[in-house]
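One-letter residues, chain by chain:
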Amino acid sequence: MTKPELLKSKPASKKLTTRAEAKPEVFSFGDPIAILDRNEIFDYMECLSVGKYYEPPISFAGLAKAFRSSVHHSSAIYVKRNILVSCFVPNPLLSRSDFSKWVLDYLVFGNGMLETKKARLGKIIGFEHALAKYTRRGVKPDTYFYVTGYKQEHEFSKGSIFHLIEPDLNQELYGLPEYLPALNSALLNEDATLFRRRYYKNGSHAGFILYMTDAAQKQDDVDALRDALKNAKGPGNFRNLFMYAPNGKKDGIQLIPVSEVAAKDEFFNIKNITRDDQLAAHRVPPQLMGIIPTNTGGFGNPADTAQVFSRNELKPLQSRFMELNEWAGVEVVKFTDYEITKTVNPVEPTLPELRK
């Protein structure tokens, strides 16, 4: 093939832009958007009517799944529940078990339901817990339905459900939990933990690059090192390797980890930041949740912290649950004072006392 034919067989190339023809181009990835423009999503949380009853403004099934998404999220709720149950005085109308379930529903969903049990003459003989996850408020006044699925609904007796709600700003049919602003932090905490599990499971934490510039004496030495690295997996993978490089220079052999330091630092920061967000939303002191302090001073005296927590958080919660007394007309909910008992170390008996 001649030179002119060779030139003809080539596809026509695009015209290159010269320096004189090139023009500056300015672009941006997006204009700044204020967070308040997107924050109005909560204003659209309406309770839609589904025939006989209203649906809640937020998925209760989603809140139930998110309850176990993070250690600090569920632990803070359990701390409040356990302290309230420990101070509750059980009675024939409301057992300790039903009260515990009622409190847990209220703290998780912002709604707590109790079904009234009455005698034939109309006297109240007891209260039983109704799962807030499946209980729906009826369209007609004082009506409630227990809905577990499509066309699987049970209507409670009219006026038999006591509904304790955490007030919402946009509607008055259902309550919403107060930890909703920190729900994204709880889910991010869960995502970071799951990512870290996959990171270790697929072996990415053990990845590295062995960079070697020193000349080995024999090719057999390089082949032996390559085989040793290939076999370093499975049981006993944390084994030592020995490499001898005569007349080698500094940094002649380098072990470069693959994204180990960056992934470790990001995981640590995400876990700490999301933990602080959740603790701020629940307002539970860290020493009451079993968190180990990282500073030298610690968290202070836990007894004093528990007393402040009791006054600021438990007292208002107890008054909320005592609203049942006004609704029922009898004293059903009663609490004892939350006190921190000081344990005294027993004096060890002496030998003569043991003989007696």
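Relevant structure appears above.
All values reported here derive from a predicted model rather than from experimental measurement. (Residues numbered from 1 in each chain as written. Predicted model: local features only at pLDDT ≥ 70, side-chain atom pairs only at ≥ 80, totals over all residues. Heavy atoms only, no water.)

Time to look at the overall build of the protein. Scanning the protein from N- to C-terminus turns up eleven helices and ten strands. Looking at the 356 residues of the protein, the share that counts as buried comes to 31%. A separation threshold of at least 6 residues defines the contact pool for the protein, and within that pool the share at least 24 residues apart is 65%. (Helix = DSSP H or I, 4+ residues; strand = E, 2+ residues; numbered from the N terminus. Buried < 20%, exposed > 50% of the residue type's maximum accessible area, 1.4 Å probe, protein only. Contact = heavy atoms within 4.5 Å.)

This part is about the sheet that holds strand β5 (residues 135-137). Taken in spatial order, the three strands make up an open sheet running β5-β6-β7, and their pairing is antiparallel. Two strands in the sheet have a free side with no partner beyond their single neighbour: β5 and β7 (152-155). Strand after strand, the sheet turns through a mean of 30° between neighbouring axes, direction not considered. (Pairing = 2+ DSSP bridges. Axes fitted to C-alpha atoms, helices over the stretch in contact; angles between N-to-C directions.)

For the rest of this paragraph, the subject is the nonpolar core. Nonpolar side chains in soluble globular proteins generally cluster together in the buried interior. In this structure, Leu94, Phe99, Trp102, Phe321, Leu324 and Val333 are the most contacted members of the largest nonpolar core, which totals 57 residues. When sequence neighbours within four positions are dropped, the list of residues in contact with Val333 reads Phe88, Leu94, Phe99, Trp102, Phe321, Met322, Leu324 and Asn325. (Core = buried A, V, L, I, M, F, W, Y, C linked by side-chain atoms within 4.5 Å.)

Where helix α3 (residues 60-67) is concerned, the buried positions are Phe60, Leu63, Ala64, Ala66 and Phe67. The arc enclosing the buried residues of α3, seen along the axis, measures out at 165°, which places them on a common side. Buried residues along α3 sit in contact with α4 (71-87), α5 (96-109), β3 (111-118), β5 and α6 (183-201). Looking at where α3 begins, the residue whose side-chain oxygen comes 3.4 Å from the main-chain nitrogen of Ala61 is Ser59. (Arc of directions from axis to C-beta. Polar contact = N/O pair within 3.5 Å; in protein donor to acceptor, adjacent residues only side chain to side chain.)

Turning to the packing of aromatic side chains, a few remarks are in order. Applying the stated criterion across every chain, the model contains 15 aromatic pairs. When the centroid spacing of 5.3 Å and the interplanar angle of 50° are considered together, the rings of Phe60 and Phe109 count as tilted. Residue Phe60 is found in helix α3, and its partner Phe109 is found in helix α5; the two are separated by 49 residues along the sequence. Accessibility classification places Phe60 together with Phe109 in one group, the buried group. A centroid spacing of 6.0 Å and a plane angle of 70° characterise the contact between Trp102 and Phe162, whose relative ring orientation is edge-to-face. Residue Trp102 is located in helix α5, and its partner Phe162 is located in strand β8 (residues 161-165); the two are separated by 60 residues in the primary sequence. (Phe/Tyr/Trp six-rings, centres within 6.5 Å; stacked < 30°, edge-to-face > 60°.)

Moving on: the pairing of strand β4 (residues 124-130). The two faces of a sheet get side chains in turn, since along a regular strand they alternate between them. As paired strands, β3 and β4 are joined by six bridges and run antiparallel to one another. Paired with Met113 across the two strands is Ala130, which belongs to β4. Counting the residues in the hairpin turn of β3 and β4 gives five residues, including Gly122, whose phi is positive at 95°.

Tallied over the entire structure, the rule returns eleven salt bridges. Residue Glu178 pairs with Lys80 through a salt bridge whose shortest N-O separation is 3.7 Å. Of this pair, Glu178 sits in the loop between β8 and α6 while Lys80 sits in helix α4, placing them 98 residues apart in sequence. Overall, the relative accessible area of 39% leaves Glu178 in the partly exposed class. Among the residues examined, Lys80 registers a relative accessible area of 5% and is labelled buried. One salt-bridge network, held together by shared partners, links Lys80, Glu178, Arg283 and Glu313. (Salt bridge = Lys/Arg side-chain N within 4 Å of Asp/Glu carboxyl O.)

Spatial ordering of the open sheet is given by β4-β3-β8, a layout of three strands whose pairing is antiparallel. Both edges of this open sheet fall to β4 and β8, since each of them pairs with a single strand only. Pairs of neighbouring strands in the sheet enclose a mean axial angle of 25°, with direction left out of account. Where β3 and β8 come together, five bridges link them in antiparallel fashion. Bridging from a neighbouring strand, Gly112 pairs with Leu164 of β8.

Looking now at unusual backbone geometry. The phi angle at Asp142 is positive, at roughly 60°, despite the residue not being glycine. Its location among the elements puts Asp142 in the loop between β5 and β6 (144-149). Despite not being glycine, Arg283 has its phi angle at roughly 60°, a positive value. With respect to the element layout, Arg283 can be found in the loop between α8 (260-282) and α9 (302-321). Its relative accessible area of 37% is what places Arg283 among the partly exposed residues.

Along the chain, Glu266 turns up in helix α8. Sequence spacing of Glu266 and Ala192 is 74 residues, and the spatial spacing of their C-alpha atoms is 9.1 Å.

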